[in-house]
Amino acid sequence: NRGLRAPTPPLVLLVNPATALAADFLERLAPAFEDPDVGAACGKLLRWDGRTLDSAGQTLGWSRRPVDRGYGTPDRGRYDLAEDVFSPCGAAALYRREALASVAGPGGDVFDPRFFAFYEDLDLAWRLKRAGWRVAYRPEARGRHARGATAGTPGVRRRFQALLHRSPEVRFHVVKNRWLTLLRNETAGGFLLHLPWILARDAVTLALLAGTSPSVLGRLWRARRVFAEAWEGRRLALHRRRDQSI
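I will try to describe carefully the structure that is included in this document. (Residues numbered from 1 in each chain as written. Predicted model: local features only at pLDDT ≥ 70, side-chain atom pairs only at ≥ 80, totals over all residues. Heavy atoms only, no water.)

Next up on the list: a nonpolar patch on the surface. A cluster of nonpolar residues, W62, L193 and W197, forms a patch on the protein surface that exposes about 370 Å² of accessible area. Turning to its location among the elements, L193 is positioned in helix α7 (residues 188-212). (Patch = residues over 30% accessible without salt bridge, like charges linked within 9 Å, V, L, I, M, F, W, Y side chains within 5 Å. Areas by Shrake-Rupley, 256 points an atom, 1.4 Å probe, with all protein chains shown as cover. Salt bridge = Lys/Arg side-chain N within 4 Å of Asp/Glu carboxyl O. Helix = DSSP H or I, 4+ residues; strand = E, 2+ residues; numbered from the N terminus.)

Now the structure itself:
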């Protein structure tokens, strides 16, 4: 957030420290912004072996979790088509400065400080979508990402397995930020439509936490004020939008 408040060029590249980009990554990706409706763009990220896909952009799953397209599968050209996606993987994403400014919060923060880490890329993309911006995927822009390296758990393949391999501190932020993302962005209709999948996923997650790290459940309970603040902020934003439409 400090960096984004400083004067920057029209396009802003955010890169995870466990990511290496091809020398022509920006040259290949920047033309996507010739379309004035594109607010963010991403390329094809491979694992460190150069053959396995890590992310070809993200979709939004039925349980409302981010799904990296091609995650953990061989790169056989399935995602070689330039198209729109729901969100870029936060490991390497290029943003239009104007788009970021349009969804910035109080004090000019683009990323919600309550998140700290995890889900912040999905939350930002969802807000950009709600503001009318598109997210472009360009497969010719290539990079490599050591999945899980910044959380200290390289080589994890499955999401629930990934949660179990992470520290209680990381587990807390993953669950907290999932709930914050839903509270901030999901519509009433979307929530009702996807409720069975949301409840099923969270029930499994809470059961895993209860059996492996019950202290995380206590932290989530103590963080309930954060969830109330997110809900209140959403309610106020809804009222402002209604007032502006009158």
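Right, picking up where we left off after that structure.
A word on unusual backbone geometry. Even without a glycine there, the phi angle at F116 is positive, about 70 degrees. Looking at where F116 falls in the secondary structure, it is placed in the loop between α3 (97-102) and α4 (120-130). Exposure remark for F116: the relative accessible area of 67% places this residue in the exposed category. At F118, a residue that is not glycine, the phi angle is positive and equals roughly 80 degrees. (Buried < 20%, exposed > 50% of the residue type's maximum accessible area, 1.4 Å probe, protein only.)

Between helix α6 (residues 168-185) and α7, whose axes approach to 12 Å, the crossing angle comes to 155 degrees. Considering their axes alone, α6 and α7 lie roughly antiparallel with respect to each other. Remark: the crossing between α6 and α7 carries left-handed chirality. Only I198, R201, D202, T205, L206, L209 and T212 of α7 make contact with α6, whose side of the interface consists of R171, V175, R178, W179 and L182. Each residue belonging to the contact of α6 with α7 can be placed in one class, and the counts come to six nonpolar, two polar and four charged. (Axes fitted to C-alpha atoms, helices over the stretch in contact; angles between N-to-C directions. Parallel < 35°, antiparallel > 145°, perpendicular 65-115°, else oblique. Left-handed = near helix turned anticlockwise from the far one by under 90°. Contact = heavy atoms within 4.5 Å. Nonpolar A, V, L, I, M, F, W, Y, C, P; charged D, E, K, R; others polar.)

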